[in-house]
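# What the coordinates show
So you can see what is in the structure, the chains are spelled out below.
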Amino acid sequence: MTAQPAKPQHWRRIIHLLVFLSMLIPLLRPLGIPIPIGETSRAVYDYIQALGPADVLLVSSNFSVPQAPECLPQMTCVTLHALSRGAKIVVIASSADGARYATTVTELAVDEGARYGTDIVLLGFLPGEEAGVSAFLADVHRTFATDQEGTPLANLPLMQTVHTGSDFKGVSVTTASANDMDFWPRQLQKYGAALIMASQASSWPKLQPYLRSGQVTAGLNGQRDAAEYELLLHRPASSVAAMDATSGAYLLIVALVVASNVAYFVFERRKGR
Amino acid sequence: MKLTLERNLPLVAAFLIGVIIVVAYFVDIPQLTRVSTELRNWAVIITAFTMGIGLVNLSSVHVKRIAAMNRKDWYNSVLLLAAMGTMFVATYYQKSFESLFKYLFDNVYGPLGTAMMSLVMFGMAVTCYRGFKLKNLDGFFIVFGAVATMLGNAPVGAAISKYIPALSDWVYKIPNVAGQRGILISSAVGALAVGLRVLVGLERRHIGLD
């Protein structure tokens, strides 16, 4: 007697339950799967490590709430690492939700000892996507007359040295939008600043041509690279904590693909004959 | 005259502004660069206005639904307007309502948005189970690419075999880049053609003509 597959109306619920358990169990009882440091996170780390007190890094927050678990740790790691090297940071946001996360990162930096106005400045939300970025890089003070709190840029020591895109040593863009990957290299190339792009894992394939051509200096791939960066900084946080759950979920999906193909070859093709 | 102004003025404006910005990009003339920068700042202001327009439009649609009361889910419109109004007040008057804004964003909006995104995972698992079948050569490539990149994106891949991260990297860097470059180049050529058509006035759908 041959085994029969499960009834079709229950298999979705079974899969949903398995997915839920594959993520819940590792969160409650961490498996401790080692997280090797890859070349992509190492490349970003090395670039930020080479920054110094004379360098100004532009950090742009371009993601929304659903992408925050992946993107916020990336932006936090890059910002705090750059500040630890003595670099100065100017923070903007190109998405409405990103403005809140830009504020979060700035507050965290100030809590860790950065001096607002001298080490870090939060300019706020920049509407207009590519047109906005183009205007900003052409003339920073014309696009932002004040910072997010309303302080005139003339009163902020850091902004006395930043007037155009040429005054930035590097730009770090944390984004979930494939559109950003097209226009940031396009707009930044005439200013000569290096471009670091931290993206959601689903946008990582889109970034590859720009990485291979050198238009983007280095990139971070989703939560995995955020976890590796946290380990490089010796500050394990939410991304490291989520890696076991990610591994469990991906392993389950591979098992489901194998199971569906076994079922296909054993049952459906036999039925077809 | 009015018909001509409605028809021709936007086309002339689009042509002049487009030419100024394109020429300023390639030719370094200080006066032209100043004009180009100012025009781009105007674009920033106009984009900011569109957010206000969206707010007004959304409010108008849902107020009409509530007023009509002939839809059985009119109470959803009440909830939407109440939530939108609360968040608007908390954000606009952030200095006075700082703790309310932070609470609503970090403890309500954030978790809700993340929860909605996480539902994708369940659907994706079902799709992978149903769709990734080795029926033919195309199916093999899809399954191979998906499994390689998934395991490469999690530490478990390196734990299973040291070759899995390398395989995942190969998929991203070689076949993916080849495909992405084809798409990028073709979309860039298409964008160039559309841009030229808008500049010379052949493309007029954006001003409600043709």
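Residues numbered from 1 in each chain as written. Chains lettered and ligands numbered in written order. Predicted model: local features only at pLDDT ≥ 70, side-chain atom pairs only at ≥ 80, totals over all residues.

### Details of the overall build of chain A
The cut-off we apply is this: Here a helix means four or more residues in a row that DSSP labels H or I, a strand means two or more in a row labelled E, and each is numbered from the N terminus. Working definition of burial: number of other C-beta atoms within 10 Å of the residue's own, with buried at 20 or more, exposed at 12 or fewer, and partly exposed in between, all C-beta atoms being placed from the backbone. Note on contacts: residues are paired as contacts if their backbone-placed C-beta atoms lie within 7 Å.
Scanning chain A from terminus to terminus reveals 10 helices and 6 strands. For chain A, the spread of C-alpha atoms along the three principal axes comes to 85 × 35 × 30 Å. For chain A, buried positions account for 52% of its 273 residues. For chain A, long-range pairs separated by at least 24 residues make up 72% of all intrachain contacts whose partners lie at least 6 apart in sequence.

### Focus: the interface of chain A and chain B
With 46 residues of chain A at the interface, the matching set in chain B holds 41 residues. Those elements that place two or more of their residues in the side of chain A that touches chain B are helix H1 (8-28), helix H3 (68-84), helix H5 (129-138), helix H6 (140-143), helix H8 (204-213), helix H9 (222-232) and helix H10 (238-272) of chain A. In terms of residues, the side of chain A that touches chain B owes the most to one element, H10 of chain A, which gives 13 residues.

### Brief notes about the pairing of strand S1 (residues 56-62) of chain A
All names here are of chain A. As a reminder, the rule being used: DSSP-based pairing: two strands are paired if at least 2 bridges between them are found. Crossover handedness is defined by viewing with both strands directed away from the observer: a clockwise path from the first strand over the helix to the second marks the crossover as right-handed.
With 7 of 7 residues buried, S1 is to be regarded as a mostly interior element. Every second residue of S1 is oriented toward a common face, with Val56, Leu58, Ser60 and Asn62 on one face and Leu57, Val59 and Ser61 on the other, all of them buried. Pairing of S1 with strand S2 (residues 88-93), which is carried by 6 bridges, proceeds in the parallel orientation. What sits directly across from Leu58, in S2, is Val90. Chirality of the crossover, the property in question, places the unit of S1, H3 and S2 among those that are right-handed. Bridge count for S1 against strand S4 (residues 170-175) is 6 bridges, and the pairing is parallel. Counterpart to Ser60 in the pairing with S4 is Val173.

### Some points on H8 of chain A
In terms of residue burial, H8 of chain A counts as a mostly covered element, since 8 of its 10 residues are buried. All buried positions along H8 of chain A are accounted for by Trp204, Pro205, Lys206, Leu207, Gln208, Pro209, Tyr210 and Leu211 of chain A. Where H8 of chain A is buried, its residues contact helix H7 (178-188), strand S5 (194-199), strand S6 (218-221) and H9 of chain A together with helix H7 (163-173) and helix H8 (175-200) of chain B. Gly214 of chain A sits one or two residues past H8 of chain A and shows a positive phi near 90 degrees.

### Considering the sheet that holds S2 of chain A
Residues and elements named next belong to chain A. Put simply, the rule reads: In this analysis, axes come from line fits to C-alpha atoms, helices being fitted only over the stretch in contact, and the angle between any two N-to-C directions falls in the range 0 to 180 degrees.
Strand order across the open sheet formed by 6 strands is S3-S2-S1-S4-S5-S6, with parallel pairing between neighbours. Because the sheet does not close on itself, it has two edges, and the strands there are strand S3 (120-125) and S6. Mean inter-strand twist for the sheet, computed between neighbouring axes without regard to direction, equals 15 degrees. Contacts between helix H2 (residues 39-49) and the sheet are confined to S5 and S6, with S6 contributing the most and set at about 130 degrees to the helix. With respect to the sheet, helix H4 (residues 96-111) is in contact with S1, S2 and S3, its orientation differing from that of S3 by roughly 165 degrees.

### Observations concerning the environment of Leu233 of chain A
Residue and element names in this part refer to chain A. Positionally, Leu233 belongs in the loop between H9 and H10. Look at Leu233 and you get partly exposed, because 17 C-beta atoms sit within 10 Å. Residues Leu233 and His81 lie 152 residues apart in sequence; the distance between their C-alpha atoms is 7.4 Å. Each residue touching Leu233, except ones within four places of it in the same chain, is listed here: Cys77 and His81.

### What to know about the confidence of the model for chain B
What counts is decided by this rule: pLDDT runs from 0 to 100 and stands for how confident the predictor is about each residue.
On average, residues of chain B carry a pLDDT of 89, and 98% of them reach 70 or more. Interface confidence in the predicted complex, given as ipTM, is 0.85; pTM for the same model is 0.89.

### A closer look at the packing of helix H2 (residues 30-68) of chain B against helix H3 (residues 74-92) of chain B
Residues and elements named next belong to chain B. Worth spelling out the cut-off: Roughly parallel refers to an angle under 35 degrees, roughly antiparallel to one over 145, roughly perpendicular to one between 65 and 115, and oblique to any angle outside these ranges. Definitions for this section: a left-handed crossing has its near helix turned counterclockwise from the far helix by less than a right angle. A right-handed crossing has that turn clockwise.
One way to put it is that H2 packs onto H3 with a least axis distance of 8 Å and a crossing angle of 140 degrees. When the axes of H2 and H3 are compared, the pair comes out oblique. Handedness of the H2/H3 crossing: left-handed. Residues Ser59, His62, Arg65 and Ile66 of H2 touch H3, and the partners they reach there are Trp74, Ser77, Val78, Leu80 and Leu81.

### Quick look at unusual backbone geometry
Most peptide bonds are trans, and most residues other than glycine sit at a negative phi. Residues and elements named next belong to chain A. Of note in this structure, Glu129 is not a glycine but carries a positive phi near 45 degrees. Tracing the backbone through its elements, the reader meets Glu129 in helix H5. Unlike most non-glycine residues, His234 shows phi in positive territory, near 60 degrees. Within the element layout of this structure, His234 appears in the loop between H9 and H10.

### Quick word on the environment of Asp225 of chain A
Residue and element names in this part refer to chain A. When you line up the elements, Asp225 lands in helix H9. Taking C-alpha positions, Asp225 is 8.1 Å from Ile37, a pair spaced 188 residues apart along the chain. Not counting residues up to four positions away in its chain, the partners in contact with Asp225 are Gly38, Thr40, Ser41 and Leu220.

### Observations concerning H3 of chain A
Our working rule: One less than the residue count of a helix, multiplied by 1.5 Å, gives the span that helix is expected to have.
Taking 1.5 Å of rise per residue, the 17 residues of H3 of chain A would be expected to cover 24 Å, and the 23 Å separating its terminal C-alpha atoms lies within 8% of that figure. Once H3 of chain A finishes, Gly86 of chain A follows within two positions and takes phi at roughly 90 degrees, a positive value.

### Side note on the packing of H3 of chain A against H4 of chain A
Residue and element names in this part refer to chain A. The following threshold applies: Residues were grouped as follows: Ala, Val, Leu, Ile, Met, Phe, Trp, Tyr, Cys and Pro as nonpolar; Asp, Glu, Lys and Arg as charged; and all remaining residues, including Gly, as polar.
Running from N to C, H3 and H4 point in directions that differ by 35 degrees, and their axes come no closer than 10 Å. In this structure, H3 meets H4 at a crossing whose hand is right-handed. Seen from H3, the contacting residues are Ala68, Leu72, Met75, Thr76, Thr79, Leu80 and Leu83; seen from H4, they are Tyr101, Val105, Leu108 and Ala109. When its residues are assigned to classes, the contact of H3 with H4 shows 9 nonpolar, 2 polar and no charged.

### Observations regarding the pairing of S5 of chain A
Residue and element names in this part refer to chain A. Most of S5 is tucked away: 5 of the 6 residues are buried. When S4 meets S5, the two strands line up parallel, connected through 6 bridges. Bridged to Val171 within S5 is Leu195. Strand direction decides the pairing type here: S5 and S6, joined by 4 bridges, are parallel. Note that in S6 the partner of Ile196 across the bridge is Ala218. This β-α-β element, S5 to H8 to S6, shows right-handed connectivity.

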